[in-house]
Amino acid sequence: MEYIYESAQRSYEDFASGRVLYNAQGTTSFPVRLASEIAQRCFQLLEKKGVQGPYTLFDPCCGGAYLLTVVGLLHGQRIHRVIGSDINAEVLGIAAKNLSLLREEGLEQRTEQLKELLALYHKPSHQDALQSAGRLRELLRSSRLEEMVCFQADITQPEESLASCKGTHIVMTDLPYGDLVSWGGGSDEPVKDFFNGIHSILDPGRSVVAVISDKGQKLKHDRFQRIQHMKVGKRQVAIFEPI
């Protein structure tokens, strides 16, 4: 894969799971550089359609909302609403905590926790985390984020709970693929049903969908046109537009 927007290598240690961002046991993190590259490709595709931001970003398989939080921190000036949903209710508490870091008050609360940990244990890792929190606070200064929500839902079985997601500009998600996370629910064709579910909340011509998965899953659907496809290590990334 050729990186267009994140072409220069740099450190992303400030975004490490468990440092400032909260770690959810049994969920996956995501490469920060790749997340930023995908998000910026989505922004560019929407702008090319004449759809100007700030945008609504939705991850229907959000887990602990690591992906959403990273993109919100890095590109909050281009996003005004972040939505996460997941079938697993147990991870949504961590998702809510991570999304709270996209507000100054949430990040300040986390900073106070880290100060307490440093006072108790005097670990260099807590001092490093405090420094990271300070740098993340600088990112929030340009943010246009107004709303961050998460809720329980099975995207393969769309319900009324997804009504609040209508008009989403960008769906960006890392599909379950078996190592730590697998598909829940009772769908026999979860990828197909996933595409059906998100199609109901999208406006053709005003939205894009970025799907990340392992290379074994077939990312295609007759209600979506694939406009970009990349392979990155063990992953594949496909960007679609609804038709």
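### A word on helix H6 (residues 190-199)
Residues spaced three or four apart along an α-helix point in a common direction, a consequence of the helix completing one turn every 3.6 residues.
So, step 1. Most of H6 sits inside the fold, with eight of its 10 residues counted as buried.
So, step 2. Within the span of H6, buried status applies to Pro 190, Val 191, Asp 193, Phe 194, Phe 195, Gly 197, Ile 198 and His 199.
So, step 3. Of the surrounding elements, those touching the buried residues of H6 are strand E4 (170-174), strand E5 (208-214), strand E6 (224-232) and strand E7 (235-242).

### Things to note about the packing of helix H4 (residues 104-121) against helix H5 (residues 124-140)
In a pair of packed helices, the angle between the axes and the distance between the axes together describe the arrangement.
So, step 1. Two elements in contact, H4 and H5, have axes whose closest approach is 9 Å; the angle formed by their N-to-C orientations is 165°. Taken together, the axes of H4 and H5 lie roughly antiparallel to each other. Judged by the sense of rotation from one axis to the other, the crossing of H4 with H5 is left-handed. Where H4 abuts H5, its residues Glu 104, Leu 107, Glu 108, Thr 111, Leu 114, Lys 115, Leu 117, Leu 118 and Tyr 121 lie against His 126, Gln 127, Ala 129, Leu 130, Ala 133, Leu 136, Arg 137 and Leu 140.

### Description of the pairing of strand E2 (residues 79-86)
Residues in a regular strand project their side chains so that they alternate between the two faces of the sheet.
So, step 1. With respect to burial, E2 is a largely interior element, seven of its eight residues being buried.
So, step 2. Direction of pairing for strand E1 (residues 55-59) relative to E2: parallel, over a ladder of five bridges. Considered in E2, the bridge of Leu 57 is made with Val 82.
So, step 3. After leaving E1, the chain enters helix H2 (residues 66-75) and then returns to the sheet as E2, a path that is right-handed.
So, step 4. Strand direction decides the pairing type here: E2 and strand E3 (residues 147-152), joined by six bridges, are parallel. Bridge assignment links Arg 81 to a residue of E3, and that residue is Glu 147.

### A word on unusual backbone geometry
So, step 1. The omega torsion of the bond from Gly 53 to Pro 54 falls at 5°, within 30 degrees of zero and hence cis.
So, step 2. Mapped onto the secondary structure, Pro 54 falls in the loop between helix H1 (32-48) and E1.
So, step 3. In the Ramachandran plot, Ala 65 falls in the positive-phi region, its phi being about 65° despite a non-glycine side chain.
So, step 4. Within the secondary structure, Ala 65 sits in the loop between E1 and H2.
So, step 5. The phi angle at His 122 is positive, at roughly 55°, despite the residue not being glycine.
So, step 6. Position of His 122 among the secondary structure elements: in the loop between H4 and H5.
So, step 7. Residue His 122 is classed as exposed on the basis of its relative accessible area of 62%.

The rules behind the values
- Residues numbered from 1 in each chain as written.
- Predicted model: local features only at pLDDT ≥ 70, side-chain atom pairs only at ≥ 80, totals over all residues.
- Heavy atoms only, no water.
- Buried < 20%, exposed > 50% of the residue type's maximum accessible area, 1.4 Å probe, protein only.
- Helix = DSSP H or I, 4+ residues; strand = E, 2+ residues; numbered from the N terminus.
- Contact = heavy atoms within 4.5 Å.
- Axes fitted to C-alpha atoms, helices over the stretch in contact; angles between N-to-C directions.
- Parallel < 35°, antiparallel > 145°, perpendicular 65-115°, else oblique.
- Left-handed = near helix turned anticlockwise from the far one by under 90°.
- Pairing = 2+ DSSP bridges.
- Right-handed = clockwise from strand over helix to strand, strands pointing away.

It is worth stressing that arrangement in space is one thing and function is another; only the former is reported here.
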